[in-house]
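Fold and geometry: a report
The lines below spell out each chain.
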Amino acid sequence: MPGTNVEGSRVAFFGGSFDPPHSGHLAVARAARAALQLDRVLFAPVGAQPLKPQGSTASFQQRLAMTSLAIANEPAFQLSLADAPSNAPNYTYDTLLRLRAALSPNSTLFCLMGADSFIGLRQWHRGAEIPFIAPLIVASRPGQQLLDLANVLPAGLSIGPEATPSVVAGPELSRGLKPSPGGLRCLTLRNAAGDSVPFYLLPGLHVDISASQIRAQVRAARGRLPAGHELLTDPVAEYIADHGLYR
Ligand code: ATP
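In what follows, the accompanying structure is described. Quick caveat: nothing in here was measured; it's all calculated off a predicted structure.

Things to note about the nonpolar core
- Phe13, Leu96, Leu109, Phe118, Leu136, Val138 and Phe199 are the most contacted members of the largest nonpolar core, which totals 30 residues.
- Excluding its chain neighbours within four sequence positions, the residues that come into contact with Leu136 are Cys111, Met113, Phe118, Leu121, Ile130, Pro131, Pro198, Phe199 and Tyr200.
- Counting residues in hydrophobic clusters, the runner-up holds 25 residues, among them Leu36, Phe110, Leu112 and Cys186.

Have a look at this one:
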């Protein structure tokens, strides 16, 4: 995994279908980077999502190419093959273990996701253990409230008290990063053994964009989104049109 082993770096794994990668993904990654002073966000298109068995409508190679185009102007964002297709199911639990082993010991690995993914965590393979491999950063999403967290936690986990942020504000501004709207909430997650880990929420994001909505719009527009939309970066929109995706 080239480029993952920088001494003491703060890295977030951001997995997804990225079918296609859109402005919502970029907004989430920018907000997380600013709030938690991340050095890198790894955009990792998944080979096949265990919980989306119908598969994606663009191939893995096409999603990889589009993701690379989407993040091309963001030096802190990197394309990652950590979740590339393999003979085994693409379980985030395994991916994070591999990534963490590849990082230097004093690096910190986070796992970034939107609220809908977090709500589904209880169905994920070893979902309750994932926050203990890589602390979660969960971004709000329209229609997916981050209020009743205790009710959506995987069995065996509970939420501890709000903690004082150990990172934020001053240094993030000095590094030229914009603070995320709505700020950062720092909680803790506890498991049945009494271990606890930080748990971060970005409650102020309301980017009403989804890949399924974009695929439907492209289909309705016969392959090319109308000019002026802010759903995707231009190179991704051109790639979709040039490759006849989602028609
Ligand atoms: P689909 O509509 O096909 O389900 P999606 O828009 O949710 O796709 P994914 O690639 O499946 O996109 O999402 C990858 C990750 O990004 C997930 O954790 C998801 O919750 C998060 N995410 C995607 N869009 C947003 C958004 N607008 N706001 C917050 N989180 C988002």
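What to know about the site of the ligand
- Taken together, 22 residues surround the ligand, and among them Asp116, Ser117, Val207, Ala211 and Ser212 come closest.
- In this structure, Ser117 approaches the ligand through a side-chain N or O atom, which is 2.7 Å from an oxygen atom.
- At 2.9 Å, a side-chain N or O of Arg141 approaches an oxygen atom of the ligand.
- The protein chains hide 92% of the 610 Å² of surface that the ligand would expose on its own.

A short note on the packing of helix α2 (residues 60-70) against helix α9 (residues 234-242)
- The contact between α2 and α9 brings their axes to 8 Å, and the two run at 155°. For the element pair α2 / α9, the angle class is roughly antiparallel. Helix-helix and strand crossings are classified by hand; for α2 and α9 the assignment is right-handed. Across the interface between the two elements, Gln62, Ala65, Met66, Leu69 and Ala70 of α2 pack against Pro235, Val236, Tyr239 and Ile240 of α9.

Things to note about α9
- Considered for burial, the residues of α9 that qualify are Val236, Ala237, Tyr239, Ile240 and Ala241.
- Here the buried face of α9 lies against α2 and α8 (211-220).
- The positive-phi residue at the C-terminal boundary of α9 is Gly244, with phi of around 60°.

Description of the sheet that holds strand β5 (residues 136-139)
- With respect to topology, 8 strands assemble into an open sheet ordered β3-β2-β1-β4-β5-β8-β7-β6, the strand pairing being mixed. Looking along the sheet, the strands with just one partner apiece sit at the ends: β3 (77-79) and β6 (158-160). In this sheet, neighbouring strand axes are inclined to one another by 30° on average, regardless of whether the strands run parallel or antiparallel.
- Against the sheet, helix α1 (residues 23-36) engages β1 (10-16), β2 (40-45), β3, β4 (108-114), β5 and β8 (196-202), with an angle of about 150° to β2.
- Against the sheet, helix α3 (residues 92-102) touches β1, β2 and β4, its axis set at about 150° to β4.

Parameters and conventions
Residues numbered from 1 in each chain as written. Predicted model: local features only at pLDDT ≥ 70, side-chain atom pairs only at ≥ 80, totals over all residues. Heavy atoms only, no water. Core = buried A, V, L, I, M, F, W, Y, C linked by side-chain atoms within 4.5 Å. Buried < 20%, exposed > 50% of the residue type's maximum accessible area, 1.4 Å probe, protein only. Contact = heavy atoms within 4.5 Å. Near = heavy atom within 4 Å. Polar contact = N/O pair within 3.5 Å; in protein donor to acceptor, adjacent residues only side chain to side chain. Areas by Shrake-Rupley, 256 points an atom, 1.4 Å probe, with all protein chains shown as cover. Axes fitted to C-alpha atoms, helices over the stretch in contact; angles between N-to-C directions. Helix = DSSP H or I, 4+ residues; strand = E, 2+ residues; numbered from the N terminus. Parallel < 35°, antiparallel > 145°, perpendicular 65-115°, else oblique. Left-handed = near helix turned anticlockwise from the far one by under 90°. Pairing = 2+ DSSP bridges.

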